[in-house]
Structure formats: C-alpha cells, structure tokens
Amino acid sequence: MAETDKRDRGSSASHVASPSDLQLEFELTMLLGSELTMRSRAASIYRSTYPCERVSVDTSSGPRELWCKYGSGYSDQVSGHRRGVEYEAVIYRIVLPHPDLATPRCYGAFEVSKGASCLVLDFVEGYRSHHSPYPRGLLDICRDLGSFHAAGMRGPRVPQLNAFDATYFKRWATQVDMLLRSGPPRPAVRRFEDSMETVFDLMRRSPQTVIHGELYPQNVILTETGPVVLDWESAGWGPGVLDLAVLTQGSWDRDLVADCEDAYRGNAGLPNGGTFRQGLAAARVFAAVQLLVHLMDKETNGSAEAQAIEEIAHNLPIALS
C-alpha cells in the first residue's frame, strides 16, 4: 500500500463494483464523523487479492489520504483461511490496534452492495519490506512481532478468530497430494508428505497466539518511523512461529535472518532451546510447501520454486531431529 514502491503491479483476483463518487463521499463522511470533500480516487497499482483504491479527501481538520479495500466473502479456495474484507473489519475491531505492532488506522467498513463491503483505512506511505531502503526494517518487524505474539500468548483465546488447527492442516494435506501428482518429481516434498503429521504436530505444540496468517514481506510497509503491518483478512489463532517463518522466507541474508530469529524469540519470551528451533523449522517447511502450492497453477517463478524446495530439504531434518 505504499505509493513510493511501485514494483508490485497487478490486477486483483476479486471483482466487486466500486461505489459511485456520491456513495463513497457519503459513507466516508459517516465513518470519519466529519464533513469532507473527495478530491481524487485512484485504483491500486499493487497486486492484491481484493480491489483497492487510494482516496484523497479534505476534512475540517485538514487533508487525509485513505485506503479503500473492497471484497465479498471468502477468496481462498485452498484452505479457507482468507475470510475477506468483512472478517478483516472484525479483526480491526477486536484485536487491533495493538500497542506492540503498528497497523493502519481503521475507520470501519460499509456495505457497497448486497454481500460486498468496503474497509476504510489510513493510507500508509512507505516501502514494502522486501524493497525497502531501511536495512534493519526486517529486524524491527520481527522484534515487534515477538512482542505482539507474547501478548497473545498471555491473553485468552479470542473465539471469533480463524483456527490454525488440525482441521486447517488437514486441508493442506490434500493440496500436498495434488502437488505431488502434478509437475516434475519433488523428492523433498515426498519426504515432507511421509512425515507430514509430525511437522503439523510440532506446529500445534508450538506456543499459540494471535497470528497474522499471511505475513509475507509485501504485507509489511516500512516507514521512517518503523514497520506497519497490513492485510489482516487471514488472521487467526495459531503457532506464532508460522508468522516468523513466512516473514523471513526467501533470499534474505542468513545472518540477518538469524538475528531476526533471536530478536523475535527474545521479545516473545521463548527459551532458546530445541523446542523453539524444531517448531520454527517445521513452520519453515510448511511455509515453503504453501508457496509451492500457490505456484502450482501459475506460470511459476523457477527460482522461487527451487528456493522453496531447498527450504524443505534444509529444515525438515531439523524439525525431525
């Protein structure tokens, strides 16, 4: 959601008719609680599951830049955990904002048409974390993430949240079978399938907390004042190490990733022992499998697929040790 970084171009996978200028101006007036004039609205330049647009308004207290995100129902046919704009509005109401993790200010949501909603947030100016000029940005977000997860571990489970539980992981077992039946042989994935229940059990036994659920680097904006986390439509109750694994997945510097793990673990209050290392390794294996499944029906990026397979081959023995 950062205009400064323009490399995540693409069209949305979800199609919801946007409101007229008159409807949008009226609804924004109601949500912001202030008379306003809409100056401009522009479709998102970023790849997103949902249609988004940046809306500039003038209010009695000055100009504001808003982010309007449109959606209708579920959008994830793989595991059912991406529950849409309406669910994200609930997350902002019952979980966010949080003192340990910066997120955009949420003004609420309104119905665009029957079954379709719009979530209204402050627009965040900055850089996607994987294209950021701030070299310590990843370390900062891992530190904040550890504190956020620690608070969730101490608090009661929130019943309205997605559950990253045995049923959730069972859905992925079906996807793994499809992955093995399509494309070239993948010995690393076959080894994962043979020990899949153990990997899933390690994640279920890892400390459970409120997790983002899809904390890919593109869902973090790095600003001059620190990281801001976006796109909470997949949030739920599950293993905190899964967020850490997804966030640090890919071609990051290995020493930086090791520092991120230590920063996360220290702020989450977790012991530096085999249990944490095994749980994180299991989460890294699962995050790599998720990536392979998402690449399955696309024109795959060969380097991304090769890297995911390498992640499985490297982390699976650690998880099973």
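Residues numbered from 1 in each chain as written. Predicted model: local features only at pLDDT ≥ 70, side-chain atom pairs only at ≥ 80, totals over all residues. Heavy atoms only, no water.

As for its placement among the helices and strands, serine 251 is situated in the loop between α7 (240–247) and α8 (254–268). Owing to a relative accessible area of 66%, serine 251 belongs among the exposed residues under this scheme. (Helix = DSSP H or I, 4+ residues; strand = E, 2+ residues; numbered from the N terminus. Buried < 20%, exposed > 50% of the residue type's maximum accessible area, 1.4 Å probe, protein only.)

It is worth spelling out the packing of aromatic side chains at this point. Counting across every chain of the model gives eleven aromatic pairs. Judged by centre distance (4.6 Å) and plane angle (55°), the rings of phenylalanine 164 and tyrosine 168 are tilted. Given the relative accessible area of 3%, phenylalanine 164 is considered buried. Between tyrosine 264 and phenylalanine 276, the ring centres sit 6.5 Å apart and the planes meet at 20°, which makes this aromatic pair stacked. Of this pair, tyrosine 264 sits in helix α8 while phenylalanine 276 sits in helix α9 (residues 274–295); the two residues are twelve residues apart in sequence, bridging distant segments of the chain. The pair formed by tyrosine 264 and phenylalanine 276 is uniform in burial state, with each residue classed as buried. Through pairs of rings, three or more aromatic residues link up here, namely Phe164, Tyr168, Phe169, Trp172, Phe192, Phe200 and Phe286. The residue whose ring lies beneath arginine 54 is phenylalanine 123, and the NZ or CZ to ring-centre distance is 3.9 Å. (Phe/Tyr/Trp six-rings, centres within 6.5 Å; stacked < 30°, edge-to-face > 60°. Lys NZ or Arg CZ within 6 Å of the ring centre and 35° of its normal.)

Strands sit in the order β7-β11-β8 across an open sheet of three strands; the sheet is mixed. Every other strand in the sheet has two partners, leaving β7 (162–163) and β8 (208–211) as the edge strands with one partner each. Bridging between β7 and strand β11 (residues 236–239) involves two bridges; their strand directions are parallel. The residue bridging asparagine 162 from the neighbouring strand is glycine 236, located in β11. Across the face of the sheet, helix α3 (residues 137–154) comes into contact with β8 and β11 while running at roughly 125° to β8. (Pairing = 2+ DSSP bridges. Contact = heavy atoms within 4.5 Å. Axes fitted to C-alpha atoms, helices over the stretch in contact; angles between N-to-C directions.)

This part takes up the nonpolar core. Of all hydrophobic cores here, the largest spans 76 residues; its most connected members are Phe192, Trp232 and Ile312. With twelve residues, α9 is the single largest residue contributor to this core. Not counting residues up to four positions away in its chain, the partners in contact with isoleucine 312 are Ala188, Val189, Phe192, Val285, Ala288, Val289, Leu292 and Pro317. Leu28, Cys68, Tyr70 and Tyr107 belong to the second-largest nonpolar core, a separate cluster that totals 15 residues. (Core = buried A, V, L, I, M, F, W, Y, C linked by side-chain atoms within 4.5 Å.)

What follows is about the state of the cysteines. By the definition in use, this model includes zero disulfides. Cysteine 142 takes part in no disulfide bond, and the closest cysteine sulfur to it belongs to cysteine 260, at a distance of 3.8 Å. (Disulfide = S-S within 2.5 Å.)

Per the counting criterion, the structure on display carries 20 salt bridges. Residue glutamate 233 is joined to lysine 69 by a salt bridge in which the shortest nitrogen-to-oxygen separation is 2.8 Å. On the criterion of sequence distance, the pair formed by glutamate 233 in the loop between β10 (226–229) and β11 and lysine 69 in strand β3 (residues 62–71) is long-range, its members being 164 residues apart. The residue aspartate 262 makes a salt bridge to arginine 265 at a minimum N-O spacing of 4.0 Å. In this pair, aspartate 262 and arginine 265 both sit in helix α8, three residues apart, roughly one turn of the helix. The class of aspartate 262 is partly exposed, set by a relative accessible area of 36%. When salt bridges with common partners are traced through the structure, they connect Arg39, Arg54, Asp58, Glu65 and Glu125 into a single cluster. (Salt bridge = Lys/Arg side-chain N within 4 Å of Asp/Glu carboxyl O.)

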